[in-house]
Structures are given as C-alpha cells and as structure tokens.
Amino acid sequence: MRRLYPESNQVELGDGTRIDYDVVLIAAGPRAAFEEIEGLGPDGFTQSLCEPQHASACARAWHALLASPGPVIVGAVQGASCLAPAYESALRIDAELRRHGVRAAAPITFITPEPFVGELGVGGLEDSRVRLEHAFASRGISWIDRAVVDKVEPGSMRVRRLDEHGQCIARYALRFRYALMMPPSRPVAAVAGIDGLTDDRGFLIVDEHLRNPRYRNIYAAGAAITNDAAAAVAHKTPYMIEGMVETALHNIREQLDGREPRARASWSAARLAELGAGGLAFIADPRSSLEPQHGMRSGEWISLSRCASCDAGQAGRPVPLR
C-alpha cells in the first residue's frame, strides 16, 4: 500500500493502481524509525533483527565479535514498541558468549527507556523487576534504565539517564564492539499525516472497537494504533495483536451486515521469551477485574512452546507441539 485516501475510499498500491473499498482494515504494523537517532541501525553502527534483510549484517557482526571479543550493548531506545525481545537478546547473547568461552572478554550493558528493568511496557508484573534484575546480576549484565540514546558513533553510544521528572542525572559514552538495539517505531508512510486518522507521530487513532472515530469504515490493528486504553500498554505483543485482529474482523462483519460493532478490544498482553536457557512468560490484563490476570512464569517449557516442532521424539524425530 503506497497511500490511503479515506475521503474517496481508495487505496493506492505500489504500482500506482487505485482500488476502491467499502471497509478497510489497516494492519501493516510499524516501521523501524532508525532515522530518529543519529547512527542507529544497519545504515549506522548498531545491529537490527527487525527485518529479514538485516539478519546477514547482524550475523557478520556477531562472528566478528566472537573472533575479537569486546563490550556489548543491547536493549531498546526511546520510542521502541518491542521491549521483551531486548531482554531475550541480552540473555541469549550472554549464553552464547559463555558457550564460546569468550564471555569474560565481552562485558554486556543493557539499555532501556523503561523506568525500571522488568517494566515491560505494562507497568511491571508481580516480581518481574526482581526476577529480571536477578537474572542480569547473576550473569554479570549491567543496566541503565530511564535511558535516552542521543547518538551512536563508531564503537561508541552516547546515553543520558533521566530521573522520574525527565531531568538528566547522568551521561555516558559507552564503548561497544557489538550493539543490538530495538529501534523507535512509527507507522507506515501510507497513512502518515491524514488528519483525523492519525496522531502527530502517525499512529492510527481507533476507538474500543478498533474503528477510527472520523472515518467509520476504517479499522486498524497492531502496534501502529493508539487510543487511551492502548496507550496504557506500550508494548503490543503478538498475542494482543492477534486479539485485536479478531475483534476488528468481528466488527467489520457486523458493519457489513448493517449493524453497529459490538466487539471490544482486549488489551491483555502475553509474551514468551527465550532467555538463553529456559525462558520467561508474562501475562498482563490491564482491565479492572475482581481477579486480574497478572503474572510471570519461567522454565524450559517456554522454549518448547515457541517451537513449531522439537526434537523431543524417539530417534530425534520432530514431535509437533499441540
């Protein structure tokens, strides 16, 4: 999709062709806005796993690190919508460096804009802070929370740490041999700047039915949406997004049948993260409830549940997980 034209109910495709629509669901996801921070990303000096084409450069940099170990920085910058993958990456990097016997020569620093480690974009879950701080401390991973990345240069990252009022309390020039950072997120250019459809950053405005308040035949789902409820959950997990799409599809069916949408989005979050060995699951339900569903669980079952199949069967035959 090159451009959306809500006033005429048309979508412009990549080849310039325009097609009409009665109702449209925008689930294009966000784009990685590396340009917001100088020196960030594959065209700069940090690695990315956001898109398939970034993987080869990331792999080359990783093998260079193993051949000549040095400081590692991993985490997320301000405006990132992916937080759990940053934790997953930090702990898996630690495990791999240990497996290759070079961990002592590669100190790891975790950088996050969260107010504390384990906040996860949902305000923290049970003892998530204690668990993740312990996981980092026990592995010798240092961290800087409430961090703002100002600039990345060859082998150096300039970072500020803020207090709870947004005032700078420390500045760092962190050296690195390898840096992997989750970038800021912005919606796709096809919807940017459409008055009433998006906010100032281009995020799609929706109501509790995932429908735009101005353009009543436009629905949206995914990490590129915004409303008061969604804003309370900064990290849109795959499970949450799956629920959004289901809600939007039910409401589109209602609208096509001449009825008002009734399904409402659920902002509960679930995430499975591999931590190098074993894993961590978190579940958050921000809605008020007599029995709120909040919690974290850990164990090797996390890694198994993320596999499409695992070599758990006899003679190494893959056994599908159901």
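The structure under discussion appears in the preceding block.
Residues numbered from 1 in each chain as written. Predicted model: local features only at pLDDT ≥ 70, side-chain atom pairs only at ≥ 80, totals over all residues. Heavy atoms only, no water.

Draft legend 1. Geometry of the overall build of the protein. Looking only at helices and strands, one finds 6 helices and 21 strands in the protein. The burial tally for the protein puts 48% of its 322 residues in the buried class. Across the protein, every contact between residues at least 6 apart in sequence was considered, and the portion connecting residues at least 24 apart equals 56%. Taken as a whole, the protein presents about 16,100 Å² of accessible surface, with 50% of it coming from carbon and sulfur. (Helix = DSSP H or I, 4+ residues; strand = E, 2+ residues; numbered from the N terminus. Buried < 20%, exposed > 50% of the residue type's maximum accessible area, 1.4 Å probe, protein only. Contact = heavy atoms within 4.5 Å. Areas by Shrake-Rupley, 256 points an atom, 1.4 Å probe, with all protein chains shown as cover.)

Draft legend 2. How the structure looks around the packing of helix α2 (residues 84-99) against helix α3 (residues 128-138). Following both chains from N to C, one finds α2 and α3 inclined at 25°, their axes separated by 11 Å at the closest point. Between α2 and α3, the crossing angle belongs to the class labelled roughly parallel. In terms of crossing hand, the pair formed by α2 and α3 is left-handed. On α3, the residues touching Y87, A90 and L91 of α2 are L132, A135 and F136. For the contact of α2 with α3, the class distribution of residues is 6 nonpolar, no polar and no charged. (Axes fitted to C-alpha atoms, helices over the stretch in contact; angles between N-to-C directions. Parallel < 35°, antiparallel > 145°, perpendicular 65-115°, else oblique. Left-handed = near helix turned anticlockwise from the far one by under 90°. Nonpolar A, V, L, I, M, F, W, Y, C, P; charged D, E, K, R; others polar.)

Draft legend 3. Spatial organisation of the nonpolar core. Among the nonpolar cores identified, the biggest contains 29 residues, and V72, I93, L97, F110, F136 and Y178 are the most heavily contacted of them. Broken down by secondary-structure element, the contributors of at least two residues to this core are α1 (55-67), β6 (72-76), α2, β7 (108-111), α3 and β12 (178-182). Here this core takes 6 residues from α2, the largest share from any one element. Residues contacting F136, with those up to four places away along its chain left out, are Y87, A90, L91, F110, V117, I141 and W143. (Core = buried A, V, L, I, M, F, W, Y, C linked by side-chain atoms within 4.5 Å.)

Draft legend 4. Expanded view of unusual backbone geometry. For N9, which is not a glycine, the phi torsion comes out positive at approximately 55°. Counting through the fold element by element, N9 comes out in the loop between β1 (3-5) and β2 (10-12). The phi dihedral of R146 falls on the positive side, at around 45°, and the residue is not glycine. With respect to the element layout, R146 can be found in the loop between β8 (142-144) and β9 (147-153).

Draft legend 5. View of the pattern of salt bridges. Scanning all chains against the criterion turns up 21 salt bridges. When the shortest N-O distance is used, the salt bridge between R186 and E36 registers 2.6 Å. With R186 in strand β13 (residues 185-187) and E36 in the loop between β5 (30-32) and α1, the pair connects residues that are 150 residues apart, well separated along the chain. Under the relative-accessibility criterion, R186 is labelled partly exposed at 26%. The exposure class of E36 is partly exposed, given its relative accessible area of 34%. (Salt bridge = Lys/Arg side-chain N within 4 Å of Asp/Glu carboxyl O.)

That's the geometry; what it means functionally is another story.
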